[in-house]
Amino acid sequence: MATTAFDPQSVLKLDGYLEPFIPAIAHRHERFQKWKDTIDQYEGGYEKFTRGFDKMGFNVKESGELVYREWAPNATEAHLIGDFNQWNRMSHPLKKNVFGVWEITLPPKAPGVCAIPHDSKVKLSMITPSGARIERIPAWIQRVTQDLTFSPAYEGRFWNPSASERYQFKNSRPPQPRAIRIYEAHVGISTSEHRVGTYKEFTKDTLPRIHSLGYNTIQLMAIMEHPYYASFGYQVTSFFAASSRYGTPEELRELVDTAHGMGITVLLDVVHSHACKNVLDGLNAFDGSDHQYFHEGSKGRHELWDSRLFNYGSHEVLRFLLSNLRFYMEEYKFDGFRFDGVTSMMYVHHGIGTGFSGGYPEYFGPGADEEAIVYLMLANDAMHALYPSVITIAEDVSGMPLLCIPYLKHKTDDEWDMDNIVHTLTDRRYGEKSVAYAESHDQALVGDKTLAFWLMDKEMYTHMSDLTPMTPIIARGLSLHKMIRLLVHSLGGEGYLNFEGNEFGHPEWLDFPREGNNNSFQHARRQWNIVDDPVLRYRYLNDFDAAMNNLEEEYKWLSAPQAYVSLKHGGDKMIAYERSGLLFVFNFHPTKSFTDYRVGIDEAGEYRIILTSDEKKFGGFENISCGGKFTTTPTEWNGRKNWLQIYIPSRTCLVLGK
């Protein structure tokens, strides 16, 4: 394939301020193109290179013949062991080629019958140059299981179900959404019970909730196998193995397929930024060396995460990681990826002790890790070349050009700065799509309280029932929860994300079972019972969330150009803006309601209220309701051609449309 020339104008059209950095950008593109040309020339292009799982690991032919291959260049001997040969360390030797890949072929036991039984235990036993024997779980293994009563270490299993046991997909992938409304979910916490939830339960119980709320995309966390449940899935040991603590690979396939049948896109939260440092059941020191999959020494270690860092300049590491992406697209029919920890990947300092001011030299100077950046370029390019409708999202807090939004919990709302709020939500580069959120899993990872609990705290235990008085704290909390989420949804980006349970104001915080909490599941679950109870006020927040998503589906503001903000009034605590033909008005003032408040709007005509947080069905006071009509006056106001006057109660938001 001919090399694609870098066109500086394509970059400058997006952002003219990048002109001084064109040489650095061109250099990255050159390194990317060099890798792409190498893959084309020696590996048959992306199509073959990203299907490493067809060659590496275990592959069974129709005849029943089994071929197993493993890259372990440092090993001097290798034997396949397991239940199938009574763990005999000498009976099944592998042969090594010049590239450090070991291979063995096992003939079938009978025509069509594999020599290794389905779901039986397997390992690779190797000898290092020092003469030491080491035993590892195969790197490309597709299922590992853990018996905590015996050991926290995983055991590799040969997953080869019969045709009748293998899940058959029934639904095709849904079309790529016009704009993504993401429901971020963790299968294990998706039960009200004090235990780990399952794929089956998520399919049966949680998917219908997500669908009814109007979310069109699910982002599944903690799917790639990780030994420590409390790591939230961010310490991966077996990259090709879907976590067995929730069920079998076939049950995950059923989950994704069922979501597709509902028209829901499914993204995988993929962790390629680092790997668990475990040796016995991970990639660390897999062949006895320090530098096989990772950089050696301190460069290959993340000091805060206590994990290993990939060598993205290695040919075989690229094969492993790019094939990992392709595997989840092919085998489980995921529709795309959210790449975790991208900031850590893209900088040699990994973002540790570094603040990002937004100055472009920070992105193109010596602090940038070009190998990792080029890997991300290759991953993005490969997936879009192979699957044009794939969705790729990068979790980056640095603001790297050409490649989300926390909130105001530590101040009372009478201290909130309207200018700062609007700036935070709109400060993004033109043409670069952003996913906005009021709260995600991140605040849960550090043990933070949910937004609802920040707003209402202990009164959630005593005054969330309609049978109790609506206290000032609960009234404030319900109002601000709705306002914050609509503001972020409609102003913050081109996509919206909600973390599971927060749509209905889930109380307290998230805390996985661990030694420090006596292995309790109290805070590692979702209390669906409180939103399902018709007497409790959680349902108001849940219903507003659904109304918000349904209105976006109708008026399509997430796929519309960025909003025009005509009003940010610090004294009145008012914000007003237009997007997708709608007028959004927010009154954050804790005590002041405004009668005949004048708001600018560009397009003349008659407008009506189509959504307000003050409706009774959303836990409001019904001082205003949907259907009220307003006619514009053709006089300029706040830089807009027309104005209209509205009544807007304190701590209320409303949306007007034609």
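See above for the structure.
In this report, we go over the structure that sits alongside the text. Throughout this document, residue positions are counted from 1 along each chain, in the order its sequence is written. Whole-chain, interface and lining totals are the exception, using all residues; otherwise, since this is a predicted model, local features are given only for residues with pLDDT of at least 70 and side-chain atom pairs are given and counted only at 80 or more. By convention in this description, side-chain values take in all heavy atoms of the structure and omit both hydrogens and water.

1. A short note on the pattern of salt bridges
By definition, a salt bridge exists where a carboxyl oxygen of Asp or Glu is found within 4 Å of a side-chain nitrogen of Lys or Arg. This model, assessed by the stated rule, comprises 47 salt bridges. Between Glu201 and Arg195 there is a salt bridge; the shortest N-O distance is 2.5 Å. Think of it in three bands: with a 1.4 Å probe and only protein chains considered, a residue is buried below 20% of the maximum accessible area for its type, exposed above 50%, and partly exposed in between. With a relative accessible area of 26%, Arg195 lands in the partly exposed category. Linking Asp340 and Arg338 is a salt bridge whose minimum nitrogen-to-oxygen distance equals 2.8 Å. Overall, the relative accessible area of 8% leaves Asp340 in the buried class. Three or more residues are tied together by salt bridges with common partners; here these are Glu47, Arg51, Asp54, Arg326 and Glu330.

2. Thoughts on the pairing of strand S23 (residues 574-579)
Burial analysis of S23 places 6 of its 6 residues in the buried class, the great majority of the element. With burial as the criterion, each face of S23 is covered, one bearing Met574, Ala576 and Glu578 and the other bearing Ile575, Tyr577 and Arg579. Inspection of the sheet shows strand S22 (residues 564-569) paired to S23 by 5 bridges, in the antiparallel sense. Considered in S23, the bridge of His569 is made with Met574. In this structure, the hairpin formed by S22 and S23 is closed by a connection of 4 residues, where Lys573 is found at a positive phi of approximately 60°. For S23 and strand S24 (residues 582-587), the ladder comprises 6 bridges, and the chain directions are antiparallel. Looking across to S24, one finds that Tyr577 is bridged to Phe584. As consecutive antiparallel partners, S23 and S24 are separated by 2 residues, and within that stretch Ser580 has a phi angle of approximately 55°, a positive value. The helix and strand labels rest on DSSP assignments: H or I over at least four residues marks a helix, E over at least two residues marks a strand, and numbering proceeds from the N terminus. A pair of strands counts as paired when DSSP detects no fewer than two bridges linking them.

3. A word on unusual backbone geometry
Even without a glycine there, the phi angle at Lys333 is positive, about 65°. Following the sequence through the fold, Lys333 ends up in the loop between helix H6 (315-331) and strand S18 (336-339). Taking relative accessible area as the criterion, Lys333 reaches 27% and is therefore assigned partly exposed.

4. Concerning the packing of aromatic side chains
Each Phe, Tyr or Trp ring (for Trp, its six-membered ring) is paired with any other whose centre lies within 6.5 Å, and the angle between the two planes then decides the class: stacked below 30 degrees, edge-to-face above 60, tilted in between. Inspection of every chain in the model, using the stated rule, returns 43 aromatic pairs. On the numbers, 5.8 Å between centres and 65° between planes, the contact of Phe453 with Tyr461 is edge-to-face. A relative accessible area of 5% means that Phe453 is categorised as buried. By the criterion adopted, a ring carries a charge over it if an Arg CZ or a Lys NZ lies within 6 Å of its centre and within 35 degrees of its normal. It is Arg598 that lies over the ring of Trp643; its NZ or CZ is 3.6 Å from the centre.

5. Regarding the sheet that holds strand S17 (residues 307-308)
Picture the strands of a sheet paired through backbone hydrogen bonds; they go either parallel or antiparallel. With antiparallel pairing, 3 strands are arranged side by side in an open sheet as S15-S17-S16. Pairing within the sheet leaves two strands with one partner each, and these edge strands are strand S15 (275-276) and strand S16 (301-302).

6. With respect to the packing of helix H4 (residues 199-213) against helix H5 (residues 249-261)
Two elements in contact, H4 and H5, have axes whose closest approach is 8 Å; the angle formed by their N-to-C orientations is 20°. In terms of orientation, H4 and H5 fall into the roughly parallel class. Relative to H5, H4 is oriented so that their crossing is left-handed. Residues Tyr199, Lys200, Phe202, Thr203 and Leu207 of H4 pack against Glu251, Leu252, Glu254, Leu255, Thr258 and Ala259 of H5. For the contact of H4 with H5, the residue count by class is 6 nonpolar, 2 polar and 3 charged. A fitted line through C-alpha atoms serves as each axis, taken over the contacting stretch for helices, and the angle formed by two N-to-C directions is quoted from 0 to 180°. Comment on the angle field: the value is read as roughly parallel under 35 degrees, roughly antiparallel over 145, roughly perpendicular from 65 to 115, and oblique elsewhere. Two helices cross in a left-handed way if the nearer one is turned anticlockwise from the farther one by less than a right angle. They cross in a right-handed way if the turn is clockwise. Any pair of residues with heavy atoms lying within 4.5 Å of one another is described as a contacting pair. The nonpolar class holds Ala, Val, Leu, Ile, Met, Phe, Trp, Tyr, Cys and Pro. Asp, Glu, Lys and Arg form the charged class, and all remaining residues, Gly among them, are polar.

7. Re the nonpolar core
Membership of the largest hydrophobic core comes to 170 residues, with the highest contact counts inside it found for Ile116, Leu220, Tyr293, Phe310, Tyr375, Leu486 and Phe586. Ile116 has contacts with Phe58, Leu66, Leu80, Phe84, Leu106, Val122 and Phe158, leaving out every residue within four places of it along the chain. Counting residues in hydrophobic clusters, the runner-up holds 18 residues, among them Leu583, Ile601, Ile624 and Ile646. We define a nonpolar core as any set of buried Ala, Val, Leu, Ile, Met, Phe, Trp, Tyr and Cys residues linked to one another through side-chain atoms lying within 4.5 Å.

8. Remarks on the environment of Arg651
Mapped onto the fold, Arg651 is located in the loop between strand S28 (642-648) and strand S29 (652-657). It is 5.9 Å that separates the C-alpha atoms of Arg651 and His589, two residues lying 62 residues apart in sequence. In this view, Arg651 contacts Asp413, Arg476, Ser479, Leu480, Met483, Asn587, Phe588, His589, Pro590 and Ser613; residues no more than four positions away in its chain are not counted. Polar contacts, as counted here, are pairs of nitrogen or oxygen atoms within 3.5 Å of one another; within protein the pair requires one atom able to donate a hydrogen and one able to accept it, and residues that are adjacent in sequence qualify only if both atoms are side-chain atoms. Side-chain polar atoms of Arg651 contact the side chain of Asp413, separated by 2.8 Å.

9. Description of the pairing of strand S10 (residues 180-186)
The element S10 is extensively covered by neighbouring structure, given that 7 of its 7 residues are classed as buried. The side-chain alternation of S10 yields two buried faces, one formed by Ile180, Ile182, Glu184 and His186 and the other by Arg181, Tyr183 and Ala185. Note: S10 against strand S21 (residues 495-499), 5 bridges, orientation parallel. In the sheet register, Arg181 faces S21, and the bridge partner there is Tyr496. Looking at chain direction, S10 and strand S11 (residues 217-221) are connected through 5 bridges and run parallel. When the bridges of S11 are listed, Glu184 appears paired with Gln219.

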